[in-house]
Amino acid sequence: MDINTIIQIVKEIPLDKLNDEKTIKKAIQAAGKANGKTFSDAELNKYVQQFKGFSSGGSPLSLIAKLLQSGITMGQVDEIKKKMGPK
């Protein structure tokens with residue numbers, strides 16, 4: 001998946017909608033579509049729950065650990081942080 005596309009889609013979610021399932025589903029579907037993927041309802045629901053967990057207090061360290069487990073390097077994590085911009 002193209003991380004730039006995903007970052008852009010996530011940045012477009014209004015802060016007050018970070019826990020709105022309908023908004024999150026649309027964002028996940030858009031990310032999938034941009035990368036030629038479609039998700040089943042079960043996959044979509046799983047990703048929504050994961051996203052809600054991270055957006056509502058999930059530790060950034062736990063997210064980094066999951067990214068590293070999936071094969072992303074610390075260099076790539078640093079690149080993602082740069083692309084997300086200042087807090």
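Every value quoted in this text rests on a predicted model; they were computed, and no experiment measured them.

A.B. asks: Quick question: what am I supposed to make of the overall build of the protein chain here?
C.D. replies: Per the secondary structure count, the protein chain includes 5 helices and 0 strands. For the protein chain, the succession of helices and strands along the chain, N to C, is α-α-α-α-α. In the protein chain, which comprises 87 residues, the share counted as buried stands at 18%.

A.B. asks: Would you mind showing me how to read the packing of aromatic side chains here?
C.D. replies: The way to describe two aromatic rings as a pair is by their centre distance and the angle between their planes. Scanning all chains against the criterion turns up 1 aromatic pair. Taking 5.2 Å as the distance between ring centres and 75° as the angle between the ring planes, the aromatic pair formed by Phe-39 and Tyr-47 counts as edge-to-face. Accessibility expressed as a relative area gives 29% for Tyr-47, which makes it partly exposed.

A.B. asks: When you look at helix α2 (residues 21-34) in this model, what are you seeing that I'm missing?
C.D. replies: Counting along an α-helix, one turn takes 3.6 residues, and residues three or four places apart therefore face a common direction. Over its 14 residues, α2 runs 20 Å from end to end, which matches the ideal 20 Å to within 8%, given 1.5 Å per residue. Considered for burial, the residues of α2 that qualify are Thr-23, Ile-24, Ala-27, Ile-28, Ala-31 and Gly-32. Looking at the residues trailing α2, positive phi occurs at Gly-36, about 75°.

A.B. asks: Just to check I follow, could you spell out the side chain of Thr-23 for this structure?
C.D. replies: Residue position: Thr-23 is located in helix α2. For Thr-23, a relative accessible area of 18% gives the class buried. Reaching out from Thr-23, the side chain makes a polar contact with the side chain of Asp-20 at a distance of 2.4 Å.

A.B. asks: What is the right way to read the nonpolar core from this model?
C.D. replies: Side chains of nonpolar character tend, in soluble globular proteins, to be buried together. Counting 10 residues, the largest nonpolar core is built from Ile-9, Ile-13, Leu-18, Ile-24, Ala-27, Ile-28, Ala-31, Leu-44, Val-48 and Phe-51. For this core, the elements supplying multiple residues, two or more each, are α2 and α3 (41-55). Per element, the largest residue contribution to this core is 4 residues, and it comes from α2. Setting aside its immediate chain neighbours within four residues, Val-48 contacts Glu-21, Ile-24, Lys-25 and Ile-28.

A.B. asks: What is the right way to read the environment of Thr-23 from this model?
C.D. replies: Between the C-alpha atoms of Thr-23 and Ile-13, which are 10 residues apart in sequence, the distance is 7.5 Å. If sequence neighbours within four positions are ignored, Thr-23 has contacts with Ile-13 and Lys-17.

A.B. asks: Help me out: how do you make sense of the environment of Lys-22 in this one?
C.D. replies: Following the sequence through the fold, Lys-22 ends up in helix α2. Along the primary structure Lys-22 and Val-48 are separated by 26 residues, whereas in three dimensions their C-alpha atoms are 9.1 Å apart.

Conventions we followed
- Residues numbered from 1 in each chain as written.
- Predicted model: local features only at pLDDT ≥ 70, side-chain atom pairs only at ≥ 80, totals over all residues.
- Heavy atoms only, no water.
- Helix = DSSP H or I, 4+ residues; strand = E, 2+ residues; numbered from the N terminus.
- Buried < 20%, exposed > 50% of the residue type's maximum accessible area, 1.4 Å probe, protein only.
- Phe/Tyr/Trp six-rings, centres within 6.5 Å; stacked < 30°, edge-to-face > 60°.
- Expected span 1.5 Å × (residues − 1).
- Polar contact = N/O pair within 3.5 Å; in protein donor to acceptor, adjacent residues only side chain to side chain.
- Core = buried A, V, L, I, M, F, W, Y, C linked by side-chain atoms within 4.5 Å.
- Contact = heavy atoms within 4.5 Å.

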